[in-house]
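What follows is each chain in one-letter form.
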Amino acid sequence: MKRGSKQERANNTPKQVEVRMHESQLTSDEVHPRSPCLRMCDKIRGNLLLSLTVFGVIMGAVCGGLLRMASPIHPDIVMVIAFPGDILMRMLKMLILPLIISSLITGLAGLDAKSSGRLGTRAMVYYMATTIIAAVLGVILVLAIHPGDPKLKKQLGKGQENDEVSSLDAFFDLIRNLFPENLVQACFQQIQTVTKKVIVEAPSEEPTNVTDSVFTLMNETVVTTTEEIKKKLEFKDGMNVLGLIGFFIAFGIAMGKMGEQARLMVEFFNILNEIVMKLVTMIMWYSPFGIACLICGKIIAIKDLELVARQLGMYMITVIVGLIIHGGIFLPSLYFIITRKSPFSFLAGIFQAWITALGTASRQISPSTPCLHQFTTERWLGNC
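Residues numbered from 1 in each chain as written. Predicted model: local features only at pLDDT ≥ 70, side-chain atom pairs only at ≥ 80, totals over all residues. Heavy atoms only, no water.

Before we go on, may I ask you to explain the overall build of the chain in this structure?
Check the secondary structure of the chain and you find 17 helices and two strands. Here the chain holds 384 residues, and 22% of them are scored as buried. Residue pairs in contact within the chain that sit at least 24 positions apart in sequence constitute 84% of those at least 6 positions apart. (Helix = DSSP H or I, 4+ residues; strand = E, 2+ residues; numbered from the N terminus. Buried < 20%, exposed > 50% of the residue type's maximum accessible area, 1.4 Å probe, protein only. Contact = heavy atoms within 4.5 Å.)

This is the structure in structure tokens:
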């Protein structure tokens, strides 16, 4: 009887059956693909800063062209229009030095000497190779396109050779700037060899007899002079970026070798780097408006746009063709050969820097954009 009751209870207990259903069966509504407009809006929302920067470049060019159709604008009004762009340039230039210091020291302090040397060697080889390619390409394009007016060459004639400019002096100036004698002075000045022509009187011979002394007295008004070229070192305005980079590279490597003793300094520069990047990000959100005003002011300030376009048309074509060939063919091909990866994802990551460099016309400001810092740290270095 007990066994029968147990079997009856087992038969009466409900059985738990696991039923797996596909996600499509759970929802009654069918999943429709999103429209292209919604997907485009999502991409714009995800890259809002980039979209605003492109919009600022377009609006600056359009507004500048429309304002040129108006009556002659007073220079003060042009200055007011371009004033926000001037403020943008000043803010970005202000952060170049702190960004160089913090990024170099924090990057090199975390590497050992062997890794730093290998990384520096590769960077130098890459820099020299791309520079040589760009120089050869520029010479070929100039000889092929011939920008400028060929009649000017016939009018100017053969010209004169300038023997004062020496390649040896330029090379020594490069080495001197690599080792600045004053770091504070290197922030706003760099050294340069200057040649000046000095008029020197030729030494006169002493008379040996009375006759020579008489002739000397008669011709004392005639003085023979010669020109001599003397070289001296002078400081010119401009940040000595090479010297600052050299010093802080050595500083970061030395700090990395100290290990635990320099931990507080490493943390200090890490925090400094984060603070600088926060400031750069804040400035970059202001950049669309500043770039629009800067481009608009530059277009309005041109007196005769047609004449300038006619004079610089072939030069602009030469530069644009060179940039397309070098930046669109050579550099992506070199990236693919070295890394065996698609260069388009890398180029898309630095597109924000391209637009910033286009709007500000500065090659020093574009590296300060936060997109380069974020892309290299999160993607490029993470895949190494």
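How should the UniProt feature "transmembrane region" (unreviewed entry) in the chain be read in this particular structure?
In the numbering used here, UniProt assigns the feature "transmembrane region" (unreviewed entry) to residues 48-67, 96-113, 125-145, 238-255, 275-300 and 312-338. Counting secondary structure, residues 125-145 comes out at 100% helix and 0% strand; the distance between its end C-alpha atoms is 30 Å. What you have in residues 275-300 is 100% helix and 0% strand, and the ends, taken at the C-alpha atoms, are 37 Å apart. (UniProt positions renumbered as here; feature names shortened; annotations may be inferred.)

It is not clear to me how the pattern of salt bridges should be interpreted in this structure. Could you clarify?
Oppositely charged side chains can form a pair if their charged atoms are brought close together. Under the counting rule described, the total for this entry stands at six salt bridges. Across the salt bridge formed by Asp 169 and Lys 231, the nearest N and O atoms sit 2.8 Å from each other. Of this pair, Asp 169 sits in helix H9 (residues 167-178) while Lys 231 sits in strand S2 (residues 225-237); the two residues are 62 residues apart in sequence, bridging distant segments of the chain. The residue Asp 173 makes a salt bridge to Arg 176 at a minimum N-O spacing of 2.9 Å. Of this pair, Asp 173 and Arg 176 both sit in helix H9, separated by three residues, roughly a single helical turn. Look at the salt bridges and you will find they share partners, linking Glu 260, Arg 263 and Glu 267 into a network. (Salt bridge = Lys/Arg side-chain N within 4 Å of Asp/Glu carboxyl O.)

Just to check I follow, could you spell out helix H4 (residues 48-68) for this structure?
Spacing of three or four residues puts side chains on the same side of an α-helix, whose turn is 3.6 residues. For H4, with 21 residues, the first-to-last C-alpha span of 30 Å sits near the 30 Å given by 1.5 Å per residue. Here H4 has its buried residues at Leu 49, Thr 53, Gly 56, Val 57, Gly 60 and Gly 64. Buried residues along H4 cover an arc of 95° about the axis, so they all sit on one side. Exposed and facing more than 90 degrees away from the buried side of H4 are Phe 55 and Leu 66. (Expected span 1.5 Å × (residues − 1). Arc of directions from axis to C-beta.)

Any chance you could explain the packing of aromatic side chains here in plain terms?
Ring pairs (aromatic) are described by centroid distance and by the angle formed between their planes. Applying the stated criterion across every chain yields a total of six aromatic pairs. For the pair Phe 171 and Phe 172, a centre-to-centre distance of 6.1 Å together with 45° between the ring planes defines the contact as tilted. With relative accessibility at 47%, the residue Phe 171 sits in the partly exposed group. Among the aromatic residues, those joined into a cluster by ring pairs are Phe 247, Phe 248, Phe 251, Phe 268 and Phe 269. (Phe/Tyr/Trp six-rings, centres within 6.5 Å; stacked < 30°, edge-to-face > 60°.)

Sorry if this is basic, but what is going on with the nonpolar core here?
The nonpolar side chains of soluble globular proteins are, as a tendency, buried together. Leu 88, Leu 92, Val 280, Ile 283, Met 284, Ile 291 and Ile 295 are the most contacted members of the largest nonpolar core, which has 14 residues in total. Among the secondary structure elements, those contributing two or more residues to this core are H4, helix H5 (75-94) and helix H13 (263-301). The greatest single-element share of this core, amounting to eight residues, is contributed by H13. Counting 10 residues, the second largest nonpolar core, distinct from the first, contains Leu 97, Ala 186, Leu 244 and Phe 248. (Core = buried A, V, L, I, M, F, W, Y, C linked by side-chain atoms within 4.5 Å.)

Help me understand the confidence of the model for the chain, please; the structure alone is not making it clear to me.
Should pLDDT be low for a region, the predicted coordinates there are not to be read in detail. The predicted model of the chain has a mean per-residue pLDDT of 76, with 70% of residues at 70 or higher. Across the chain, the element-wise mean pLDDT spans from 46 in helix H2 (residues 23-26) up to 91 in H5. Low pLDDT, under 50, characterises residues 14-31; the predicted model gives this stretch one contact beyond four residues in sequence or across chains. Note on residues 375-384: pLDDT is under 50 here. Beyond four places in sequence and across chains, it has 10 contacts. (pLDDT = per-residue confidence, 0-100.)

In this structure, what is going on with the packing of helix H6 (residues 96-109) against helix H12 (residues 241-258)? I would like to understand it.
Each packed pair of helices is defined by two parameters, the angle between the axes and the distance between the axes. H12 packs onto H6 with a crossing angle of 30° between their chain directions and a minimal axis gap of 8 Å. Comparing the axis directions of H6 and H12 gives the class roughly parallel. Where H6 crosses over H12, the two elements pack in a sense that is right-handed. Facing Leu 97, Ile 100, Ile 101, Leu 104, Ile 105, Leu 108 and Ala 109 of H6, the residues of H12 in contact are Val 241, Leu 244, Ile 245, Phe 248, Ile 249, Phe 251, Gly 252, Ile 253, Met 255 and Gly 256. For the contact of H6 with H12, the per-class residue count stands at 15 nonpolar, two polar and no charged. (Axes fitted to C-alpha atoms, helices over the stretch in contact; angles between N-to-C directions. Parallel < 35°, antiparallel > 145°, perpendicular 65-115°, else oblique. Left-handed = near helix turned anticlockwise from the far one by under 90°. Nonpolar A, V, L, I, M, F, W, Y, C, P; charged D, E, K, R; others polar.)

Help me understand the state of the cysteines, please; the structure alone is not making it clear to me.
Think of a disulfide as a covalent bridge from one cysteine sulfur atom to another cysteine sulfur atom. Under the defined criterion, the tally for this structure stands at zero disulfides. Here Cys 63 is not cross-linked by a disulfide; its sulfur's nearest cysteine counterpart is in Cys 296, at 5.5 Å. Cys 293 takes part in no disulfide bond, and the closest cysteine sulfur to it belongs to Cys 296, at a distance of 7.2 Å. (Disulfide = S-S within 2.5 Å.)

I tried to follow a nonpolar patch on the surface on my own but got confused; where do I start?
A cluster of nonpolar side chains, contributed by Val 308, Leu 312, Tyr 315, Met 316, Val 319, Ile 320, Leu 323 and Ile 324, occupies part of the molecular surface with about 730 Å² of accessible area. Considering the arrangement of structural elements, one finds Leu 312 in helix H14 (residues 305-339). (Patch = residues over 30% accessible without salt bridge, like charges linked within 9 Å, V, L, I, M, F, W, Y side chains within 5 Å. Areas by Shrake-Rupley, 256 points an atom, 1.4 Å probe, with all protein chains shown as cover.)

What is the right way to look at the packing of H6 against H13 in this model?
The interhelical angle for the contact between H6 and H13, taken along N-to-C directions, is 135°, at an axis separation of 9 Å. Viewed along their axes, H6 and H13 adopt a mutual orientation that is oblique. Along this stretch, H6 crosses H13, giving a crossing that reads as left-handed. Where H6 abuts H13, its residues Pro 98, Leu 99, Ile 101, Ser 102, Ser 103, Ile 105, Thr 106 and Ala 109 lie against Val 266, Phe 269, Asn 270, Leu 272, Asn 273, Val 276 and Met 277. Of the residues contributing to the contact of H6 with H13, the split by class is 10 nonpolar, five polar and no charged.

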